[in-house]
Amino acid sequence: TYNITRPKGYNVSFHTNPEMEKHHFGQTHPMKPWRLTLTKSLVTSYGMSFAMDNYVARAATYEELNMFHSNDYLDYLGTAPAEDTPRDVDTDKEVKYNLGGSDCPLFYGLYDYCSMSAGGSLDAARKICAKQSDIAVSWGGGLHHAKRSEASGFCYINDIVLAILQLLRCFPRVLYIDIDVHHGDGVEEAFFSTDRVMTVSFHKYQPEVFFPGTGGLEDNGPKSEHNPGAHHAINVPLNDGITDEQYEWLFQSIIGQVNERFRPSAIALQCGADSLAGDRLGRFNLQVQGHAACVNFCKKLGIPMIIFGGGGYTPRNVARAWAFETAIAIDCQDKIDPVIPMHTPWRDHFHHETLFPTLEQILGEPRANKNTQKRLQDMVQHVTEQLRFVNF
Ligand code: VJV
Ligand code: CA
Ligand code: ZN
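These remarks concern the structure in this document. (Residues numbered from 1 in each chain as written. Chains lettered and ligands numbered in written order. Predicted model: local features only at pLDDT ≥ 70, side-chain atom pairs only at ≥ 80, totals over all residues. Heavy atoms only, no water.)

1. A short note on unusual backbone geometry
Here's step 1: For the peptide bond that leads from F211 to P212, omega is -10 degrees, which places it in the cis range.
Here's step 2: Within the element layout of this structure, P212 appears in the loop between β5 (197-204) and β6 (233-238).
Here's step 3: The residue K131 is not glycine, and still its phi comes out positive at about 60 degrees.
Here's step 4: The phi dihedral of W346 falls on the positive side, at around 60 degrees, and the residue is not glycine. (Helix = DSSP H or I, 4+ residues; strand = E, 2+ residues; numbered from the N terminus.)

What follows is the structure, given as structure tokens:
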């Protein structure tokens, strides 16, 4: 058995809602809320629950969602009937709000699903503000593409923006970091005009080919004359096949510098697991170890932090990464046996029976690495130059 104890000198809170996990985007849609059940199953069977404060996330209220989203959008989101029930289609509104397409379907219970995702992230932010938690975990959040009045890329409500708005009530500066394979466009855009939030996204970048097509190296926030938010967006555009070694080097060089220049008082870290090797939508060669090293690096900065979920379309890999990252949060990563506990529910989903399968086990043949060391060094150089404009 495992002897997982509470971390020394700080507190971790874990925010989930089993009701959220029961929702379905549709038979073959890549987003599977059930991956949260699989994650929870690993967290519990390793005995990690005893080392954290566990909260059932409540649903966010309309007023809370309204802190970022517009009334007309929320009203439609709350009343739009599910696509598989007989309904009067309001095509104009669906087009306007990007609802009901194949990426953002109108499924049964959609509004409840969205408000629970946001509720978990808002609870996480409130625990951090109240100093009752030092690291707050919201795996059901991380939906970084949602805009004020528009759904986008499987995201309807931007729980991250809502949580950061909450953090800004008690902290002068918030650093947002996004390791999902997609560009964190919704969060970046929401804070384009403030110097109190710096956003940093690492992502695959190939406009016209890979969603959402934004987030080039030179996109650092609107450079209009009186915009305090200029230079406060950092983008790290990557090619297919990046490895743990390269990613860790890049992440530590960039976040290390950003931390020194911007001096954040809180961190919001989106841990989209679609940047892992073998993801159904992803293109990278990251392993659980490399992905989790980013979480560990941020933790060691010793700044209050919210950890969000996000993308991740091969559920067994998502569960492995998020369970191991939970272990890092509670500082028990060295006590974790790589062999998945025998009594883990759905243990047969984790073929190879380990938390850390090799690249060969995950992929057979690793994806060709199209990232040159020279290009990565140039990107770090560009970030260094951008940060000269940043003075806290
Ligand atoms: O690339 C796109 C947009 C299209 C139009 C819609 N078709 C289905 C795909 C091309 C241009 N959308 C992306 C959205 C990715 C969202 C990522 C979200 C996150 O991880 O960053 C945060 C949670 C995309 N890529 C792949 C798909 N959509 C996709 C959608 C499906 C699908 C297969 C792939 C929707 C339904 C079904 N299969 C049945
Ligand atoms: Ca990203
Ligand atoms: Zn993604």
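2. Some points on empty space enclosed by the protein
Here's step 1: Applying the stated criterion across every chain, the model contains six cavities of 30 Å³ or more.
Here's step 2: Quantified by volume, the largest cavity comes out at close to 50 Å³.
Here's step 3: Lining the largest cavity are R316, N317, R320, H351, H352, P357, Q361 and I362.
Here's step 4: Of all elements in the fold, only α10 (315-329) and α11 (359-363) reach the threshold of two or more residues within the lining of the largest cavity. (1 Å grid on protein atoms, 1.4 Å probe; cavity = no way out; pocket = protein on both sides within 12 Å on 5 of 7 lines; lining within 4 Å. Points joined across faces, edges and corners; volume = space filled by probe spheres on them.)

3. Some thoughts on the coordination of the zinc ion (ligand 3)
Here's step 1: The coordination sphere of the zinc ion (ligand 3), as far as protein atoms go, consists of D180 (OD), H182 (ND1) and D274 (OD), spread over 1.9 to 2.0 Å.
Here's step 2: Overall, D180 belongs to the buried group, its relative accessible area being 1%.
Here's step 3: Accessibility expressed as a relative area gives 7% for H182, which makes it buried. (Donors = N, O, S within 2.8 Å, 3.2 Å for Na, K, Ca; no water. Buried < 20%, exposed > 50% of the residue type's maximum accessible area, 1.4 Å probe, protein only.)

4. A few points about the nonpolar core
Here's step 1: Residues Y156, I164, F202, L238, L250 and I254 are the most contacted members of the largest nonpolar core, which totals 123 residues.
Here's step 2: If near-sequence neighbours (up to four positions away) are discounted, L238 is found in contact with F202, H203, K204, Y205, Y247, L250, F284, N371, L376 and M379. (Core = buried A, V, L, I, M, F, W, Y, C linked by side-chain atoms within 4.5 Å. Contact = heavy atoms within 4.5 Å.)

5. As for the packing of helix α8 (residues 244-262) against helix α9 (residues 288-300)
The description of two packed helices rests on the angle between their axes and on the distance between the axes.
Here's step 1: The N-to-C vectors of α8 and α9 enclose an angle of 20 degrees; their axes lie 9 Å apart at closest approach. When the interaxial angle is binned, α8 and α9 end up roughly parallel. When you trace α8 past α9, the crossing you get is right-handed. Touching D244, Y247, E248, F251, Q252, I255 and G256 of α8 are Q289, G290, A293, C294, F297 and C298, all from α9.
Here's step 2: Here the residues of the contact of α8 with α9 are counted per class, giving seven nonpolar, four polar and two charged. (Axes fitted to C-alpha atoms, helices over the stretch in contact; angles between N-to-C directions. Parallel < 35°, antiparallel > 145°, perpendicular 65-115°, else oblique. Left-handed = near helix turned anticlockwise from the far one by under 90°. Nonpolar A, V, L, I, M, F, W, Y, C, P; charged D, E, K, R; others polar.)

6. Observations regarding the layout of surface pockets
Which parts of space are left empty comes out when a probe the size of a water molecule is rolled across the atoms.
Here's step 1: Looking at the largest pocket, its volume works out to about 210 Å³.
Here's step 2: Together, 21 residues line the largest pocket, and H145, F154, H182, F211 and L281 are the ones closest to its centre.
Here's step 3: Here the residues of the lining of the largest pocket sort into nine nonpolar, eight polar and four charged.

7. Brief notes about the packing of aromatic side chains
Here's step 1: Across all of its chains, the model carries 15 aromatic pairs by this definition.
Here's step 2: Here F25 and Y113 contribute two aromatic rings whose centre-to-centre distance is 5.5 Å and whose plane-to-plane angle is 90 degrees, an arrangement assigned as edge-to-face. On the criterion of sequence distance, the pair formed by F25 in the loop between β1 (12-16) and α1 (35-45) and Y113 in helix α5 (residues 110-129) is long-range, its members being 88 residues apart. For the pair shown, F25 and Y113 are each scored as buried.
Here's step 3: On the basis of an interplanar angle of 90 degrees and a centroid distance of 4.9 Å, the ring pair of F324 and F356 is categorised as edge-to-face. Of this pair, F324 sits in helix α10 while F356 sits in the loop between α10 and α11, and the two are 32 residues apart along the sequence.
Here's step 4: The exposure class assigned to F324 is buried, which follows from its relative accessible area of 10%.
Here's step 5: Pairwise contacts between aromatic rings join F202, Y247, F251, F284 and F297 into one cluster. (Phe/Tyr/Trp six-rings, centres within 6.5 Å; stacked < 30°, edge-to-face > 60°.)

8. Describing the packing of α9 against α10
Here's step 1: Running from N to C, α9 and α10 point in directions that differ by 30 degrees, and their axes come no closer than 9 Å. Taken as axis vectors, α9 and α10 run roughly parallel relative to one another. Between α9 and α10 the crossing geometry is right-handed. Contacts between α9 and α10 involve V288, H291, A292, V295, N296 and K299 from the first element and R320, A321, F324, E325, I328 and A329 from the second.
Here's step 2: Taken together, the residues of the contact of α9 with α10 sort by class into seven nonpolar, two polar and three charged.

9. A closer look at the state of the cysteines
Here's step 1: By the definition in use, this model includes one disulfide.
Here's step 2: Covalent S-S linkage joins C129 and C170, the inter-sulfur distance amounting to 2.1 Å. The S-S bond linking C129 to C170 shows a torsion near 75 degrees; that makes this disulfide right-handed. Pair noted here: C129 is in helix α5 and C170 is in the loop between α6 (159-167) and β4 (174-178), with a separation of 41 residues, a long-range link.
Here's step 3: Overall, the relative accessible area of 18% leaves C129 in the buried class.
Here's step 4: Residue classification places C170 among the partly exposed positions, given a relative accessible area of 35%.
Here's step 5: Looking at C104, it has no disulfide partner, and the nearest cysteine sulfur is the one in C155, 7.1 Å off.
Here's step 6: Cysteine C332 is unpaired, with the sulfur of C271 as its nearest cysteine sulfur at 16 Å. (Disulfide = S-S within 2.5 Å.)

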